[in-house]
Amino acid sequence: MNNNQVEENETLRSQAVEQFREWIQKHPKIKKCRTDEKFLLRFLRTKKFSIPDACQLLENYLSSRKTLPHLFENFNVENAEMKYFLENQCMYVLPEVDKKGRTVMFADLGNFDGNICTAKDCLRYANLGFEYLSLDERSQLNGVVTVTDCARISVPFAALWTPTYLKDFVHCWQKTYPLRFQLMYYVNLPPFVNTIFMIFKSFLSEKMKSRLKVVKNYDEISQEIGIDILPKEFGGKVPARDHAKDYEKRLIVAQEEILAINDLDIEVSKSSVNFGNCYDADLDTAIVGSFRKIQVD
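Bear in mind the structure is a predicted one, so any value in this text is a computation, not a measurement.

Peer 1: Explain the packing of helix H1 (residues 10-26) against helix H2 (residues 37-46) here, please?
Peer 2: Remark: H1 packs on H2, axes separated minimally by 10 Å, with the N-to-C direction vectors making an angle of 100°. The pairing of H1 with H2 is recorded here as roughly perpendicular in orientation. Here H1 contributes Arg13, Ala16, Val17, Phe20, Arg21 and Ile24 to the contact with H2, which in turn contributes Glu37, Leu40, Leu41, Phe43, Leu44 and Arg45. The class makeup of the residues in the contact of H1 with H2 is eight nonpolar, no polar and four charged.

Following this line, the structure appears as structure tokens:
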């Protein structure tokens, strides 16, 4: 099923791409950017062919990669950190779409070991997934649904997510990538992460908050997207390990195109570079201290 709300045709595409390309060429701060149709359609489709909105999204995308380079580097699937997340079935894009034709990204937070991985590596891995999704025409047209199982989340992993890293994650997820997130499910959220989840939620726009669903089981998810496409461990048919291996193969196929996107540049202001602030740092210290107390108790 096609969930795209824009009647896309060749005339609309060619005219929009030409206008978009001209805007990029005249932009005083964009120093280097791809202008091929395939790249530009990612932004146009996400914004339903609104040229002003697509231009703003591209600016966000280029600026984020410039100001937060540590979250967009080493996207090579053979990188040790990336291999860790794949081998442990931490997060992957499911091969089958949901009832409305939307692509589904599934994450099992219980498979993230906070004693091994860092928040920065987790963000890089998530951004690799978002980059992959944004290349997929099916995702561009019909949108994306995320399902995050939180039942086995550990204290060490939760402690990684200081307000600064949460803000960076939301910034990348909500404002950077040419993706339309239709629904974000969080399943079996344990009480000890309520505070950090509320901080995460505070960074979301009202539109994104309205699409955030916290549920106790997979009944609601089954009605909305279907249960069969999920990993076997969560009610589906195919084991999580097989899903992760399939996702890795697809990432390898897309590897060259993903790495080629690094050839971009935009001039940014000093205020853009200073993404965090002292208030975030104070909150970071408080959050880390509270989780240390939980571990001691």
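Peer 1: Hey, could you run me through helix H9 (residues 194-202) in this one?
Peer 2: Think of an α-helix as 3.6 residues a turn; residues three or four steps apart then line up on the same face. Among the residues making up H9, those that are buried are Ile196, Phe197, Ile199 and Phe200. Buried residues along H9 cover an arc of 160° about the axis, so they all sit on one side. Of the residues in H9, the exposed ones pointing more than 90 degrees away from the buried face are Thr195 and Met198.

Peer 1: Even after reading the chapter, I still don't get the nonpolar core, so can you show me in this structure?
Peer 2: Grouped burial of nonpolar side chains is what soluble globular proteins tend to show. Ranked by internal contacts, the top residues of the largest apolar core, which has 96 residues, are Phe130, Val147 and Phe200. Of the residues forming this core, the biggest block, ten residues, is contributed by helix H5 (residues 119-135). Contacts of Phe130, omitting those with residues within four sequence positions, involve Met105, Phe169, Trp173, Tyr177, Leu179 and Phe181.

Peer 1: Teacher, can you tell me more about the pairing of strand S4 (residues 144-149) here?
Peer 2: Consecutive side chains along a regular strand alternate between the two faces of the sheet. Where burial is concerned, most of S4 is hidden: six out of the six residues are buried. Covered by surrounding structure in S4 are Val144, Thr146 and Thr148 together with Val145, Val147 and Asp149, the residues of both alternating faces. The pairing of strand S3 (residues 103-108) with S4 spans six bridges and is classified as parallel. Its bridge partner being in S4, Ala107 is matched across the sheet by Thr148.

Peer 1: In this structure, what is going on with the packing of helix H8 (residues 163-176) against H9? I would like to understand it.
Peer 2: Packed helices, taken two at a time, are described by their axes: the angle between them and the distance between them. Two numbers describe how H8 lies on H9: the axes approach to 9 Å, and their chain directions differ by 40°. By the angle between their directions, the pair H8 and H9 is classed as oblique. With respect to the hand of their crossing, H8 and H9 are arranged in right-handed fashion. Contact with H8, carried on its side by Pro163, Leu166, Phe169, Val170 and Trp173, involves Ile196, Ile199 and Phe200 of H9 and no other residues of that element. Along the lines of polarity and charge, the residues of the contact of H8 with H9 split into eight nonpolar, no polar and no charged.

Peer 1: Would you mind showing me how to read the environment of Ser210 here?
Peer 2: With respect to the helices and strands, Ser210 occurs in helix H10 (residues 206-210). Note: C-alpha distance between Ser210 and Gln182 (28 residues apart in sequence) is 9.8 Å.

Peer 1: Honestly, the pattern of salt bridges in this entry has me stumped. Any pointers?
Peer 2: As a working rule, side chains carrying opposite charge can pair if their charged atoms are close by. Enumeration according to the criterion identifies 22 salt bridges in this entry. Residues Lys83 and Glu248 are paired through a salt bridge, measuring 3.0 Å at the closest nitrogen-oxygen approach. In this pair, Lys83 is assigned in helix H4 (residues 80-87) and Glu248 in helix H12 (residues 240-260), connecting sequence segments 165 residues apart. With its nearest N and O atoms 2.8 Å apart, the salt bridge here joins Glu224 to Arg102. Taken together, the residues span a long stretch of sequence, with Glu224 in helix H11 (residues 219-225) and Arg102 in the loop between strand S2 (91-93) and S3 at a distance of 122 residues. Using a relative accessible area of 4% as the deciding quantity, one classes Arg102 as buried.

Peer 1: How should helix H3 (residues 51-67) be read in this particular structure?
Peer 2: Taking 1.5 Å per residue as the helical rise, H3 with its 17 residues ought to reach 24 Å, and the 24 Å between its terminal C-alpha atoms agrees with that figure. Of all the residues in H3, the buried ones are Ile51, Ala54, Cys55, Leu57, Leu58, Tyr61, Leu62, Ser64, Arg65 and Thr67.

Quick notes on the rules
Residues numbered from 1 in each chain as written. Predicted model: local features only at pLDDT ≥ 70, side-chain atom pairs only at ≥ 80, totals over all residues. Heavy atoms only, no water. Axes fitted to C-alpha atoms, helices over the stretch in contact; angles between N-to-C directions. Helix = DSSP H or I, 4+ residues; strand = E, 2+ residues; numbered from the N terminus. Parallel < 35°, antiparallel > 145°, perpendicular 65-115°, else oblique. Contact = heavy atoms within 4.5 Å. Nonpolar A, V, L, I, M, F, W, Y, C, P; charged D, E, K, R; others polar. Buried < 20%, exposed > 50% of the residue type's maximum accessible area, 1.4 Å probe, protein only. Arc of directions from axis to C-beta. Core = buried A, V, L, I, M, F, W, Y, C linked by side-chain atoms within 4.5 Å. Pairing = 2+ DSSP bridges. Left-handed = near helix turned anticlockwise from the far one by under 90°. Salt bridge = Lys/Arg side-chain N within 4 Å of Asp/Glu carboxyl O. Expected span 1.5 Å × (residues − 1).

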